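Examination of the molecular architecture
One-letter residues, chain by chain:
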Amino acid sequence: MNEEGKKISAWQLFFDDISMLFLIGLVIPTILYLLWGVMEYANAPIASITP
Amino acid sequence: MAANALEFRTCPITGKKVYATAQNLIWANAVTAVVFILVGGLAALLVLLTRWPAVHLLSPDLFYRILTLHPIAALVAWIIFFEVAGLYFGCTVLLNSRIAAPKVAWLAYFLMLVGAALVAVEILIGNADVMFTSYIPLQASPLYYLGVILFAVGALVACGIFFGTLAIAKAEKTYEGSLPLVTFGLSAAAIIAVWTLASGAIIYIPTFLWSLGVIKNIDAAMYRLIFWGFGHASQQINVTAMVSVWYLLGVLTVGLKPVNEKVCRSAFVLYIFFINLASEHHLLTDPTLSPAHKIANTSYFIYMAALASMIHALAIPMAVEVAQRKKGYTKGIFEWLTKAPWGEPGFPALVFSLFIFGFIGGITGIVNGTEQLSIKSHNTWAMTGHFHGTVVGGTTLAFMGLTYYLIPLVFRREIIGKKWATAQPYIYGIGLIIFTLSMIAAGTLGVPRRHWDITFADSIIPFSFDPTAILLVTLTALGGLTAIVGGAIYVGVAVLSVFFGRKLAPNEAKLI
């Protein structure tokens, strides 16, 4: 409910929660792009010079 | 700068409070942005006149130096200084609020200024011929990396000021209900900026230590992964800020009101969650990363951000049409469009920005972002044409259009040369359409990006491009020169108006 007693929709509450949007906005690219990518590079076998 | 933190005036147009501290900060950041677009534009002219085989102006050393300076000045400094001005405008003027911690905001400004100046000087004196990407093992001087870090830290602090001001505005109830859509969009841009700048810090701090010799080795592949978390994501800040400016230009020119604001907000949320995954596009030709990582990021999640762009691309013209029809322009299908305010700079800037971003920059980004096609277009001019469509035709043109309204609204000066200001978006927009389309077409014929001499005059094995490619390169040069004329008009009008424009009386409600 807002100050005028009108019901605020769940979507609007979600949009108004900047802190939560901030948190999710940092977590998704950190996991899907950065951490996943770092894990793949870290697990790549090192090339051997000798056959 | 020394203004009282609570000193304000009431805007005669919007009726909102404009605090002197916020106004000074907006002024400083916007003016600095214009200085950097002048530097970036001059560098663009030199690069263009070298890549055009008919002129081939600079020596190879100087070409790569100026090619490093151009994006630093035009892509990073101009756009981020302007975005900081936009963030402060969005959280203070639009919310009727004072700014949080003005002294810290000035510290952020000076950190950005010193950082950008340091980077530019290091490039110009030849200590950083590493191009924008500064890929390992290319090494610049420690001062170059330090400059980038100072700039990024300053921008990060500016984002903190923005969020702090949002909290103050909410606590002091300076606005009712939800954040206005433009401020909400700018909040999305600031969230994207925090992740971007954090990625920059993660990679640039060890690279700085590597340049000092403290760290012996940095993995080149790891560098590329994290660098693009900064390098490409910084363009996503631009996209999100640009869309927010589109809505603002719509309000200022036709009184736009979105038909369904929740849909527009949903699109911004999709940006927040998914747009930064587009960094993966730069790694599609990297053999180490698995197809799962590449496809998940670029062929699944990023389409959520593409969907968001399509929502905005439909929502804005629709809202313009509704606003115009409400004014009585209801004859036929297109009277709302023909009677639109084409004679004031904001509207053509909005339309050209939307068209160039949507139909040239955005679409080619989606095409080039697929793994199979990326292999063909990677490192060709097709990529360069794509991102000039997004950041120059899209973001820069939108910011230019907004400048003509910020000058009377916030800086209280009358625009000098209104006819030039009105012609400017047309000249700049048409020049960029020719420039980007020719560049993309030349790239599909194999013309490489970042190359000093595409005639390969000194090559042991001779090679010549198809004459069509050379024709397209010439068209690119002509389009680019037209856009540079448009850019020069913008700088001229903005500088003259800000410093010499007639001061508007406190109660003078004049926009443009």
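Predicted, not measured: the structure shown is a model, and the values here were computed from it. (Residues numbered from 1 in each chain as written. Chains lettered and ligands numbered in written order. Predicted model: local features only at pLDDT ≥ 70, side-chain atom pairs only at ≥ 80, totals over all residues.)

Here's the deal with the overall build of chain B
Along the backbone of chain B there are 15 helices and 2 strands. Relative to a compact globule of 512 residues, whose C-alpha radius of gyration would be 24 Å, chain B shows 22 Å and is just as compact. Taken along its principal axes, the extent of the C-alpha atoms in chain B is 70 × 60 × 50 Å. (Helix = DSSP H or I, 4+ residues; strand = E, 2+ residues; numbered from the N terminus. Rg over C-alpha atoms; globule rule 2.2 N^0.38 Å.)

As for helix 9 (residues 291-326) of chain B
Residues separated by three or four positions in an α-helix point in the same direction, a consequence of the helix having 3.6 residues per turn. Residues and elements named next belong to chain B. Between the first and last C-alpha of helix 9 there are 51 Å, a value that for 36 residues agrees with the 52 Å anticipated at 1.5 Å per step. A maximum bend of about 40° is found in helix 9 at Ile302. Just downstream of helix 9, Gly328 is the residue with a positive phi angle, here 105°. (Expected span 1.5 Å × (residues − 1). Bend = angle between axes of the 7 residues up to and from the residue.)

Some words on the packing of helix 1 (residues 20-51) of chain B against helix 2 (residues 60-93) of chain B
Residue and element names in this part refer to chain B. Running from N to C, helix 1 and helix 2 point in directions that differ by 155°, and their axes come no closer than 7 Å. Considering the angle they form, helix 1 stands roughly antiparallel to helix 2. Like other packed secondary-structure pairs, helix 1 and helix 2 cross with a definite hand, here left-handed. When its residues are assigned to classes, the contact of helix 1 with helix 2 shows 27 nonpolar, 7 polar and no charged. (Axes fitted to C-alpha atoms, helices over the stretch in contact; angles between N-to-C directions. Parallel < 35°, antiparallel > 145°, perpendicular 65-115°, else oblique. Left-handed = near helix turned anticlockwise from the far one by under 90°. Nonpolar A, V, L, I, M, F, W, Y, C, P; charged D, E, K, R; others polar.)

Focus on the interface of chain B and chain A
Taken together, the contact pairs 30 residues of chain B with 21 residues of chain A. If you list the elements that add at least two residues to the side of chain B that touches chain A, you get helix 5 (181-212), helix 6 (220-231), helix 8 (261-274) and helix 9 of chain B. Per-element tally for the side of chain B that touches chain A: the top contributor is helix 8 of chain B, with 6 residues. The residue makeup of the side of chain B that touches chain A, split by class, is 17 nonpolar, 9 polar and 4 charged. (Contact = placed C-beta atoms within 7 Å.)

Considerations on unusual backbone geometry
All names here are of chain B. In this model, Ile136 is joined to Pro137 through a cis peptide bond whose omega is 15°. Structurally, Pro137 can be placed in the loop between helix 3 (102-124) and helix 4 (142-171). For Asn96, which is not a glycine, the phi torsion comes out positive at approximately 65°. You can see Asn96 is positioned in the loop between helix 2 and helix 3. In this structure Asn96 comes out as buried when scored by C-beta crowding, with 21 C-beta atoms within 10 Å. (Buried ≥ 20, exposed ≤ 12 C-beta atoms within 10 Å, placed from the backbone.)

Overview of the confidence of the model for chain B
For any part of a model where pLDDT is low, the fine detail of the predicted coordinates should not be relied upon. Per-residue pLDDT for chain B averages 95, and the proportion of residues at 70 or more is 99%. This prediction of the complex comes with two scores: 0.95 for pTM and 0.92 for ipTM. (pLDDT = per-residue confidence, 0-100.)

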